[in-house]
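Observations on the model geometry
What follows is the residue order along each chain.
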Amino acid sequence: MKMEDSMKKTIKDFDLLNKRVIIRCDLNVPIKDGVILDDNRIRSSVKTIKYAIDNNAKVIILSHLGRVSSEEDKIKNSLYPVSIRLSELLNTKVEFIDETRGHVLENAIENMKPKDVILVQNTRYEDYPDKKESKNDPELGKYWASLGDIFINDAFGTAHRCHASNVGIASILPSGIGFLIEQELKMLGDTLNNPKKPYLVIMGGAKINDKIPVIEKLVTKADYILLGGGIANTFLKAKGMDIKSSVYDKDSISFASNMLKKYEDKIILPIDGYGSNAYQDGLEVSYSDMTNIPDGIMILDIGPKTIKLFSEYINKAKTVFWNGPVGVSEFSNFEYGTKQVCQTLKESGAIVVVGGGDSAAAAIKFGYKDSFSHISTGGGASLEFIEGKTLPGIDIIEEK
Ligand code: ADP
Ligand code: MG
């Protein structure tokens, strides 16, 4: 069955009273020296957890954090700091269990009362040494399932993976999706499948070859595609332009040429840009038209003429999907283009859906967290969904 045709059970379809409800969240936030740098994913998980508490469930939360392939990784990727933040956001006690299986966990669950909340240690502790979580070890999925009565998947960011903590548990327990996944499916699915026209796509980012299937899919649906970032370089090169030292992908030149031939009127490329003579922040910045890039310069951002051109399309659009920063937005020298795109999108009044890890991070970093209709919490998952791929973590959930 195609994902867009399915109607999955949601948390609202279950009677949660006194039930042990396992909620798989995506609490995979960046942490440095025990400090959470961006709590957006925790905030996005609150609604479903709150609902379970309000409906008198015993709430058992599972999440992964980073990757674990050594004992040191375990220390670095403990969910303990997340339990503290989650407790603040929920305004309720969150009991942190520092193990992924065993007597401490089992006894804690045994003693739970309705409205109690437990956060279990990082599911990927089970990946060391033998990848039990990431390879969906059936014994592990069965064990976790034995701890609950109902399973709710609300981890969109890992829905494109077949792991024990999503697919493994869902293949055993009665299952539904949470509010976050429901919202992701609505915005990335319904809204973008039936867009109010004109429908505009903005694509940037570094590597085009990852995104070829997405571009192929979107170009048929969208009225226009604006390109920036490294992707645009490959298209400019395919047009025969001399992009000097700019990063592009040789293997995707023929793809880009074919797209330009087939969709000449749809694909809009940058006309000017900023660059430097190395992929580095803080160096001297060069500005030029794309037709006139100085020797030795690599283009790292779009320029004001391009912003003006892009704004004309953005301001006419009724629906916009944006993926990929249009410049190296993590360098302060080259954040201009991405910031301007954010501001123009904000002012446009269009339905704006942002997908992709780096684009979402940029939008949030520049202060546009609440300016768009939806910022997806899934990087890879959002693109795979838009490509039309089945996401195993959602596919396994029961139909209504
Ligand atoms: P997303 O995660 O939103 O899908 P990507 O991962 O595809 O986005 O791309 C993000 C990366 O693209 C960023 O690290 C950014 O620095 C890089 N990038 C953007 N523009 C350029 C450019 N002109 N040249 C090289 N890299 C670029
Ligand atoms: Mg990325």
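What this report covers is the structure whose coordinates are included nearby. (Residues numbered from 1 in each chain as written. Chains lettered and ligands numbered in written order. Predicted model: local features only at pLDDT ≥ 70, side-chain atom pairs only at ≥ 80, totals over all residues. Heavy atoms only, no water.)

1. A look at the pattern of salt bridges
- Counted by the stated rule, this structure contains 19 salt bridges.
- A salt bridge links Arg20 to Asp149, with the shortest nitrogen-to-oxygen separation between them at 3.0 Å. Of this pair, Arg20 sits in strand β1 (residues 20-24) while Asp149 is found in the loop between α5 (138-146) and β7 (150-153), placing the two residues 129 residues apart along the sequence.
- Judged by its relative accessible area of 24%, Arg20 falls in the partly exposed class.
- Note on Asp149: relative accessible area 28%, which makes it partly exposed.
- The shortest N-O distance in the salt bridge between Glu387 and Lys389 comes to 3.5 Å.
- Beyond isolated ion pairs, a larger network of salt bridges with shared partners links Asp39, Arg43, Arg85 and Glu88. (Salt bridge = Lys/Arg side-chain N within 4 Å of Asp/Glu carboxyl O. Helix = DSSP H or I, 4+ residues; strand = E, 2+ residues; numbered from the N terminus. Buried < 20%, exposed > 50% of the residue type's maximum accessible area, 1.4 Å probe, protein only.)

2. Let's talk about the packing of aromatic side chains
- Within this structure, the stated rule accounts for eight aromatic pairs.
- Here Lys47 stacks its cationic end above the ring of Phe179, 4.9 Å away from the centre of that ring.
- Directly above the aromatic system of Tyr313 lies the positively charged group of Lys316, at a separation of 6.0 Å from the ring centroid. (Phe/Tyr/Trp six-rings, centres within 6.5 Å; stacked < 30°, edge-to-face > 60°. Lys NZ or Arg CZ within 6 Å of the ring centre and 35° of its normal.)

3. Concerning the sheet that holds strand β17 (residues 374-375)
- Here six strands make up an open sheet; going across it, the order is β11-β10-β9-β15-β16-β17 and the pairing parallel. The open sheet terminates on both sides in strands that have one partner only, identified here as β11 (267-268) and β17.
- Pairing analysis gives two bridges linking strand β16 (residues 351-354) to β17, with the strands arranged parallel. Within the sheet, the bridge partner assigned to Val354 lies in β17 and is Ile375. (Pairing = 2+ DSSP bridges.)

4. Structural notes on the packing of helix α1 (residues 40-54) against helix α3 (residues 80-90)
- Relative orientation of the contacting elements α1 and α3 amounts to 60°, with a least axis distance of 10 Å. With respect to each other, α1 and α3 are oriented oblique. Between α1 and α3 lies a crossing of right-handed hand. Here Ile42, Arg43, Val46, Ile49, Lys50 and Ile53 of α1 lie close against α3, whose contacting residues are Val82, Arg85, Leu86, Leu89 and Leu90.
- Counted by class, the contact of α1 with α3 contains eight nonpolar, no polar and three charged residues. (Axes fitted to C-alpha atoms, helices over the stretch in contact; angles between N-to-C directions. Parallel < 35°, antiparallel > 145°, perpendicular 65-115°, else oblique. Left-handed = near helix turned anticlockwise from the far one by under 90°. Contact = heavy atoms within 4.5 Å. Nonpolar A, V, L, I, M, F, W, Y, C, P; charged D, E, K, R; others polar.)

5. Focus: the site of ligand 1
- In the neighbourhood of ligand 1, 18 residues make up the surrounding shell, with Ala206, Lys211, Glu330, Asp358 and Ser359 lying closest.
- Note that an oxygen atom of ligand 1 is positioned 3.1 Å from one of the side-chain N or O atoms of Asn323.
- Contact with the protein chains covers 87% of the free accessible surface of ligand 1, which is 590 Å².
- When contributions to the shell around ligand 1 are tallied by element, the ones reaching two or more residues are α9 (229-238), β14 (298-302) and α13 (357-365).
- With three residues, α13 is the largest single contributor of residues to the shell around ligand 1. (Near = heavy atom within 4 Å. Polar contact = N/O pair within 3.5 Å; in protein donor to acceptor, adjacent residues only side chain to side chain. Areas by Shrake-Rupley, 256 points an atom, 1.4 Å probe, with all protein chains shown as cover.)

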